[in-house]
Amino acid sequence: MSVKDILKDKASSVLSIEEDRNVLEATQMMVGAKVGSLIVTFQGKLVGIFTERDLMRVVAKDHANLDKIKLKDVMTTQLTVAGPDEDVDDILNNMIAKRFRHMPVLDGDKIIGLISIGDAVKTKLSKTQAEMHILREYMYGPH
């Protein structure tokens, strides 16, 4: 299964915010959408990601100024991105190895999605369950 298989089952819109917006705005957006991260852009191009972990670092240092701190100063910029044709197993292994939970998906330089480790695990589990069903039918016949 590929990343595009994950994206088919998700909402088509990608939540993003410009890098000059502040942490409080980003947090309100995340809470309103019930998500754990936002794509951060500059003139529509991916420049980073703002996650719950980034928020916790900011709150621990300077919780009184969330409305003054710009995302460009606190977002994660060292990103690992996926392409639409990458294998889910490879994506999941990468997320686990590098210890992050959200991965932007790009087609060229166009942002086409954002997948979470939960999305990847769900897809992997569905694939594994389907394979188990096929093997059971092969071994024991249809039930």
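The residue numbering used here restarts from 1 in each chain and proceeds along that chain's sequence as written. At least 70 in pLDDT is required for a residue's local features to be given in this predicted model, at least 80 for side-chain atom pairs to be given and counted, and no such filter applies to totals for whole chains, interfaces and linings, which use all residues. No hydrogens and no water enter the side-chain calculation; it runs on all heavy atoms of the structure.

What follows covers empty space enclosed by the protein. Residues are called lining when one of their atoms sits within 4 Å of a cavity or pocket point, these points coming from a 1 Å grid over the protein atoms alone, where a cavity is a set in which a 1.4 Å probe fits but cannot get out and a pocket is an open set with protein on both sides within 12 Å along at least five of seven lines. Grid points are joined across faces, edges and corners, and a volume is the space filled by probe spheres set on the points. Applying the stated criterion across every chain, the model contains 1 cavity of 30 Å³ or more. The computed volume of the largest cavity comes to approximately 40 Å³. M1, D87, V88, D89, T123, K124 and K127 together form the lining of the largest cavity. Strands here mean DSSP runs of E at least two residues long; helices mean DSSP runs of H or I at least four residues long; both are numbered from the N terminus. Looking at the lining of the largest cavity, the elements with two or more residues in it are α4 (88–98) and α5 (117–140). Per-element accounting of the lining of the largest cavity gives the leading share, 3 residues, to α5. Residues are sorted three ways: Asp, Glu, Lys and Arg are charged, Ala, Val, Leu, Ile, Met, Phe, Trp, Tyr, Cys and Pro are nonpolar, and all the rest, Gly among them, are polar. When grouped by side-chain class, the residues that make up the lining of the largest cavity number 2 nonpolar, 1 polar and 4 charged.

The subject of this paragraph is the pairing of strand β4 (residues 102–107). Across the 6 residues that make up β4, a large majority, 5, are buried. Sheet analysis places β4 next to strand β5 (residues 110–116), joined by 6 bridges and oriented antiparallel. Each bridged residue has a counterpart across the sheet, and for D107 the counterpart in β5 is K110. Where β4 folds back onto β5 in an antiparallel hairpin, the turn is made up of 2 residues, including G108, whose phi is positive at roughly 70 degrees. Buried residues are those whose accessible area, probed at 1.4 Å on protein chains only, stays under 20% of the maximum for their type, while exposed residues exceed 50% and partly exposed ones sit between those limits. A strand pair is defined by DSSP finding two or more bridges across the two strands.

This brings us to a nonpolar patch on the surface. Patches here are clusters of residues that have more than 30% relative accessible area and form no salt bridge, with a 9 Å joining cutoff for like charges and a 5 Å cutoff for nonpolar side chains (Val, Leu, Ile, Met, Phe, Trp, Tyr). Accessible surface area values rest on a Shrake-Rupley calculation with a 1.4 Å probe, where residue burial reflects the displayed protein chains alone. Salt bridges are identified by distance alone: a Lys or Arg side-chain nitrogen within 4 Å of an Asp or Glu carboxyl oxygen. Together, Y138, M139 and Y140 give the surface a local cluster of nonpolar side chains, amounting to about 470 Å² of exposed area. Within the element layout of this structure, M139 appears in helix α5.

To continue, consider the pairing of strand β2 (residues 37–42). Burial of β2 is extensive: 5 of the 6 residues sit out of reach of the surface. When strand β1 (residues 16–18) meets β2, the two strands line up parallel, connected through 3 bridges. Counterpart to I17 in the pairing with β2 is V40. With the strands pointing away from the viewer, any crossover whose connection runs clockwise from the first strand over the helix to the second is right-handed. Taking the sense of rotation as the criterion, the β-α-β connection linking β1, helix α2 (residues 23–33) and β2 turns out right-handed. Hairpin connection from β2 to strand β3 (residues 45–51): 2 residues lie between these consecutive antiparallel strands, with Q43 at a positive phi of about 50 degrees.

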